[in-house]
Amino acid sequence: MNADRRMFLAATKADRRTFLKLGIAATASAALAPFPAYGQGANPRVVIIGGGFGGASCARALRQADPRIAVTLVEPNATFTACPFSNEVIVGLRELSAQQFTYDRVVADGITVARTTATAVDGPGRSVTLADGGRLPFDRLVLSPGIDFRWGAIPGYDEAASAVMPHAWRAGDQTLLLRRQLEAMPDGGLVVISAPANPFRCPPGPYERASLIAYYLKAKKPHSKLLVLDAKDAFSKQRLFQAAWAELYPGLLEWVPLSKGGNVTSVDPATKTLVTDFGRHQAAVANVIPPQKAGRIAEAAGVADRSGWCPIDPVTFESKLVPGIHVIGDAAIAGAMPKSAFAANSQAKTCAAAVATLLAGGTPSSPKLINTCYSLVAPDYGISVAGVYVPSGGQLADVPNSGGVSPSDAPRPTRAAEATLAAAWFRTITGEVFG
Ligand SMILES: Cc1cc2nc3c(=O)[nH]c(=O)nc-3n(C[C@H](O)[C@H](O)[C@H](O)COP(=O)(O)OP(=O)(O)OC[C@H]3O[C@@H](n4cnc5c(N)ncnc54)[C@H](O)[C@@H]3O)c2cc1C
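Residues numbered from 1 in each chain as written. Predicted model: local features only at pLDDT ≥ 70, side-chain atom pairs only at ≥ 80, totals over all residues. Heavy atoms only, no water.

So what's going on with the site of the ligand? Which residues, and what values?
The environment of the ligand is formed by 35 residues, the closest being Gly 54, Glu 75, Ser 144, Arg 201 and Asp 330. The contact in question runs from an oxygen atom of the ligand to an N or O atom on the side chain of Asn 77, over 3.4 Å. One of the side-chain nitrogen or oxygen atoms of Asp 330 is found 2.7 Å away from an oxygen atom of the ligand. Look at the ligand: alone it shows 1,000 Å² of surface, and the protein chains cover 92% of it. (Near = heavy atom within 4 Å. Polar contact = N/O pair within 3.5 Å; in protein donor to acceptor, adjacent residues only side chain to side chain. Areas by Shrake-Rupley, 256 points an atom, 1.4 Å probe, with all protein chains shown as cover.)

Outline the sheet that holds strand S5 (residues 112–114), listing residues and values.
With parallel pairing, 5 strands are arranged side by side in an open sheet as S5-S2-S1-S9-S20. Unpaired on one side and paired on the other, S5 and strand S20 (325–327) mark the two borders of the sheet. For this sheet, the mean angle separating the axes of adjacent strands, direction not counted, is 20°. Here strand S1 (residues 45–49) runs beside strand S9 (residues 140–143); their pairing, made up of 4 bridges, is parallel. Residue pairing in the sheet places Val 46 in a bridge with Arg 140 of S9. Where helix H10 (residues 341–359) meets the sheet, it contacts S1, S9 and S20, and its direction lies at approximately 170° from that of S9. (Pairing = 2+ DSSP bridges. Helix = DSSP H or I, 4+ residues; strand = E, 2+ residues; numbered from the N terminus. Axes fitted to C-alpha atoms, helices over the stretch in contact; angles between N-to-C directions. Contact = heavy atoms within 4.5 Å.)

So what's going on with the state of the cysteines? Residues and values would help.
Considering all chains together, one arrives at 0 disulfides under this definition. For Cys 58, which is in no disulfide, the shortest distance to another cysteine sulfur is to Cys 351 and amounts to 4.5 Å. No disulfide involves Cys 202; its sulfur sits 5.6 Å from that of Cys 373, the nearest cysteine. (Disulfide = S-S within 2.5 Å.)

Tell me about the packing of helix H3 (residues 53–65) against H10, residues and numbers included.
Orientation of H3 relative to H10, taken along the N-to-C sense of each, is 35°, at an axis distance of 8 Å. The chirality of how H3 crosses H10 is right-handed. Each of Phe 53, Gly 54, Ser 57, Cys 58, Ala 61, Leu 62 and Ala 65 in H3 lies in contact with H10, whose residues at this interface are Ala 341, Ala 344, Asn 345, Ala 348, Lys 349, Cys 351, Ala 352, Val 355 and Ala 356. In the contact of H3 with H10, the residues fall into 12 nonpolar, 3 polar and 1 charged. (Left-handed = near helix turned anticlockwise from the far one by under 90°. Nonpolar A, V, L, I, M, F, W, Y, C, P; charged D, E, K, R; others polar.)

The following block contains the structure:
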């Protein structure tokens, strides 16, 4: 049995927190070479765009790697609002304030936070233009801008429509809007979730959301129905989700795959109607999770390809399109790695180590990255998927036999233990990134 498999099995048997710590250790130590002096020149400057899970993690890891690097984090919001666990907020199990974090600790680490939006990047000229008119020169730039939505990809679904049919796929006002709509809905109403085709932020997220909305309806509005219209035929942790739905929410939650007419071809916000090739569904509450792409600054920087996402070198996360710019988190094309906060944090540490090594004139060594995604099917019912990834053939590839999903025949106490571990994971990662 190889070391990765042993590591994963130890974690599933005993404590996934151990796995999380191992993951952090594995990624944090990757590729760091001893630092030579920078000589008489000015200290190197790294600019990071986006203060979310990827960007804030990378900023702090860089300062830890070498405090001589001048790190500037560009982020317009004073408070970061986290998406993991926002599905709990939607159904009233948690308040939005529990999702919110300031940048006080980031600043205390000696990182300059520029409270503005980056509007343009001059890759060859090595500078970033800011919305406030300022310019930031850099030796290396890291982009972690998360996602943007492909407004109009579903005809009728533009930004204005999201005020009526919320996506709630960036946490904040949209999360609260969907919550209020569910609360205001009469018992007996139809709730519809539209799930996008791959790739998109948080592959298990729509199905965790469906589960928790079903939990809410079962308790508060039992004559209601939940329909999940899906633009694909398969999804993350599908067997586990479907077995749990059959057990917990029979007759309440219906999943309609692509091949059975799940693809939403247009919407009408005025009547909250979702149209598919097979019919029309008028919803009391419609949650449309639209197709996505890398945050728009990626396109402006020239690092997004025709897919809308950013091809990267899997060792350094340097763009394959523009040298000197690294892309991490949801915006990157990270091969087999899913778009998750855990993955963004793993990538951030690998990227920080590589950037520090490159700035010191060294050669980054090949990393090993880890991801675990927990999902709640009910507040005391958790399931998870985990994986280990290494560079292979210019991409990040799964290490065979190194990951896996929760056992399909686990007893309820095991599911409850996974729900507890999910909460522990969220505390650990937000503590590490923002605490
Ligand atoms: C409902 C839901 C549930 C989820 N649950 C989980 C989970 O359980 N576990 C998990 O691991 N992941 C989960 N995720 C996924 C996770 O939230 C994302 O994968 C993660 O946030 C990606 O990190 P990021 O750094 O790429 O982007 P983000 O965390 O979104 O950060 C991007 C930041 O960039 C800033 N920004 C964007 N453009 C600019 C610009 N031009 N200038 C300056 N700043 C800019 C934004 O303001 C933002 O702060 C979930 C997502 C959703 C929607």
